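# Structure at a glance
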Amino acid sequence: MKDICHPDHREFQGTRQFKCIDMDPKEPDTLLDLAIQTVMKNESVALRAIEEIPQELFIPLFNAAFSGGHKNILKAVVSTWPFPCLHVGALDMPEPYCDVLEAMLDGLQFPPIHNSSSRVPKLRILDLRQNADCMTTCSGIWNKFPFCYEVCAYSEKSIVKIGDANYRLANSDPQTSRPPMELLVDLYLDGTWMTSEFLSLICDKVEQSLGSLHLCCRDLQIDKSFDYKKTLKLLDRVCIDHLGVDEASLCEVCMIMPGMVHLSSLNLYKIKFRSYNRKPFKTFLSHLSRMNDLQELSLAYFSLKNHVHKVLRVLSPELDSLNLNFCDLTNKDLISMSQILKERNLKMLNLSHNHIPWENTQPLRLLLENLSGNLQHLELNSCLITDEILSSIIPSLRFCTSLRVLSFACNPITMPELRRLLQNITPLMKLKYVIYPIPLHCYDQWHFRDSLDAEKLAEVKSEVRSMLWAAQRTDMKWSTSYE
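Thresholds applied
- Residues numbered from 1 in each chain as written.
- Predicted model: local features only at pLDDT ≥ 70, side-chain atom pairs only at ≥ 80, totals over all residues.
- Heavy atoms only, no water.
- Helix = DSSP H or I, 4+ residues; strand = E, 2+ residues; numbered from the N terminus.
- Buried < 20%, exposed > 50% of the residue type's maximum accessible area, 1.4 Å probe, protein only.
- Areas by Shrake-Rupley, 256 points an atom, 1.4 Å probe, with all protein chains shown as cover.
- Axes fitted to C-alpha atoms, helices over the stretch in contact; angles between N-to-C directions.
- Left-handed = near helix turned anticlockwise from the far one by under 90°.
- Contact = heavy atoms within 4.5 Å.
- Nonpolar A, V, L, I, M, F, W, Y, C, P; charged D, E, K, R; others polar.
- pLDDT = per-residue confidence, 0-100.
- Core = buried A, V, L, I, M, F, W, Y, C linked by side-chain atoms within 4.5 Å.
- Phe/Tyr/Trp six-rings, centres within 6.5 Å; stacked < 30°, edge-to-face > 60°.
- Lys NZ or Arg CZ within 6 Å of the ring centre and 35° of its normal.
- Polar contact = N/O pair within 3.5 Å; in protein donor to acceptor, adjacent residues only side chain to side chain.

### A short note on the overall build of the protein
- Across its full length, the protein carries 16 helices and 13 strands.
- When the 483 residues of the protein are sorted by exposure, 52% land in the buried category.
- For the protein, the exposed area adds up to about 22900 Å²; of that, 50% sits on carbon and sulfur atoms.

Set out below in C-alpha cells:
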C-alpha cells in the first residue's frame, strides 16, 4: 500500500465541496494526553470508556490506539465512530501495519449488527490512505447522506450515486438495513506477503458486506512480480486516479487500462513492445485518447524513437506534466513536440537521458520558446549537452520567464560556460532552483565519481555563491547532482 497525496479537491455532481477541519489536537493539553495514555494501558477500562465519552474525545483516543497498535481498542473505536468519515491521514503506520488495518476493517459494522454498544455507528467512509494534508474527520452539512470531501465521485456504487435512497432506508431501520459505505485505499501490488495479506483482508470485508461496501482505489501501483488479474476484478477501475506499472509488456498494460477514464496520472516504466504498427501500440493510443482528465504522463524506458507525435496527438488538453526519460528521442521528435505542444499549457518537461544527435539545436530551441510562457520545471540531465549546445539554447532559456526549476546535471560543461549560463539566467526572477553539472576540470576522467577532485569542486561552489551574491540573487539555490 503506497502513500500518495491528493491535493486537488473536486466538486462533485449535485454536491457542495466541504473542507476538512483540524479536529486533531496539534498541541494536546498535557492532562488530556496523560489521561488518554493511562486509558491505553488498561484495555478493559478503555473499552468501557468508549460507551461514555463525548464524541470530541474519539479523535485523540483513535490517534493513540492507532499509533500504539492497540487492536481491540481500535476495533471498538471504529465500530462506534460518531462521525460519518474516518481518515488515517497524517498518522504514521505502526508495524506490522496489517494488524492495525485488520482491526480497523473488523470495526466496520454491517447490519444486522450484533454488539452490545449503546452507540449507533455513523461511519460511512473509512479512508486507509496516508495523507499529510488530511485530518481525522471532516466537517460538513449532512443533509441527505454522509458527505466527505474525499467521497468517491465517479463509481455507480459510490455513496454519491446510491446513498440518497439507501441512507433514508438506513435511518428508518438502522439495525436491519444496509447503508452504503466506502473503503478508500491506495494499493501497491508488489507480490510481497504483506500485500497479499492486506488484499485478503479487503476481499473478506467486501464479501461480508453483501454489496454495501464500495471499494474505492485511488492510486494503483503494479510491480512486475505481481499477478494483478484477480485484484483487478475486485476493483472499480473508474475510481482510479493514479496508475503506475513497472516492467511489463504493452499487452499487459492494455489489459489494465480499460475503464480508467478519469485517470489524472499515468506512470509507465520499462514497458516492452515490438512494433509501433502492431495492435498493442494502437490499443494503447486508443486508451490514452479516452483519458480526458490526464494531467501527468511519465514514460521511462519506453522507446518512442521518431514516433513521439503519435502519443502527443491523443493526449488530453489538460496535460501539464510530461516525463520522457530514456525514450530514445531524436531531433525529429523534438520538432513534433514543438509543434504539438505549442498550444498546451505544459508546466513540467523532463527530457533527461535522451542522447539526441546535436548537429542541429534548432528543434530544442524552438521547443523551449514555444513552451516558454508556461514552463515551470525543465530537466535535461544526461543529454550530452556540451558548451556549444548550451550556448545555443541560452537565449531560448531566457524566454522561459515562468521557469522555477532547471536541472541539467551530468552534462559535459566547462566552467566558463557555466559562468555564462549563470549570468544569463539570474534575471529570471521566478527561477529558484538550479541543479548544474560539475564542470569537466573537476574530474580526472569525466563523470567518474572516484576521479572527482573535491577541492576543485569546492572552489566551483564558492564561485557560484559569490556570483549569485553579486547578482543579488541569494534567493536562488544552485546545487550539483551530488548534493
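### Side note on the packing of helix α4 (residues 71–79) against helix α5 (residues 97–106)
- At a closest axis distance of 7 Å, the pairing of α4 and α5 adopts a crossing angle of 35°. Helix-helix and strand crossings are classified by hand; for α4 and α5 the assignment is right-handed. Between α4, through Lys71, Leu74, Lys75 and Val78, and α5, the contact on the second element is made entirely by Asp99, Val100, Ala103, Met104 and Asp106.
- Residue composition of the contact of α4 with α5, grouped by class: 5 nonpolar, no polar and 4 charged.

### Some details on the confidence of the model for the protein
- Residues of the protein with pLDDT of at least 70 account for 86%, and the chain-wide mean is 86.
- Scored below 50 in pLDDT, residues 1–23 makes 61 contacts in the model with residues more than four places away or belonging to other chains.

### A few points about the nonpolar core
- Among the nonpolar cores identified, the biggest contains 136 residues, and Leu220, Phe284, Met337 and Trp478 are the most heavily contacted of them.
- Those residues in contact with Met337 that lie beyond four places of it in its chain are Val308, Leu312, Leu322, Leu324, Leu329, Lys342, Leu349, Leu351 and Leu367.
- In terms of nonpolar packing, the next biggest core, distinct from the first, is built from 14 residues, Cys134, Cys138, Val151 and Leu184 among them.

### Looking at the packing of aromatic side chains
- For the structure shown, the criterion picks out 13 aromatic pairs.
- A centroid spacing of 5.2 Å and a plane angle of 45° characterise the contact between Phe273 and Phe302, whose relative ring orientation is tilted. Note that Phe273 is positioned in the loop between β6 (265–272) and α10 (279–289) and Phe302 in the loop between β7 (296–300) and α11 (308–312), a separation of 29 residues in sequence.
- You can call Phe273 partly exposed: its relative accessible area is 22%.
- Residue classification places Phe302 among the buried positions, given a relative accessible area of 0%.
- Each member of the aromatic cluster is reached from another via a ring pair, and the members are Phe58, Phe62, Phe66, Trp81 and Phe83.
- Across from the ring centre of Tyr301, 5.1 Å away, lies the NZ or CZ of Lys270, which sits over that ring.

### Some words on the side chain of Arg473
- Mapping Arg473 onto the fold places it in the loop between α16 (454–470) and β13 (477–480).
- A distance of 3.0 Å separates the side chain of Arg473 from the backbone oxygen of Leu428, its partner in a polar contact.
- Residue contacts for Arg473: discarding those within four places in its chain leaves Thr426, Pro427, Leu428, Met429, Leu431, Lys432 and Leu468.

### A few points about the environment of Leu189
- Mapping Leu189 onto the fold places it in strand β3 (residues 181–189).
- For Leu189, a relative accessible area of 2% gives the class buried.
- Considering only alpha carbons, one finds Leu189 and Leu220, 31 residues apart in sequence, at a separation of 7.7 Å.
- Discounting chain neighbours no more than four positions away, the residues touching Leu189 are Thr195, Leu199, Leu220, Gln221, Ile222, Asp223, Phe226, Tyr228 and Thr231.

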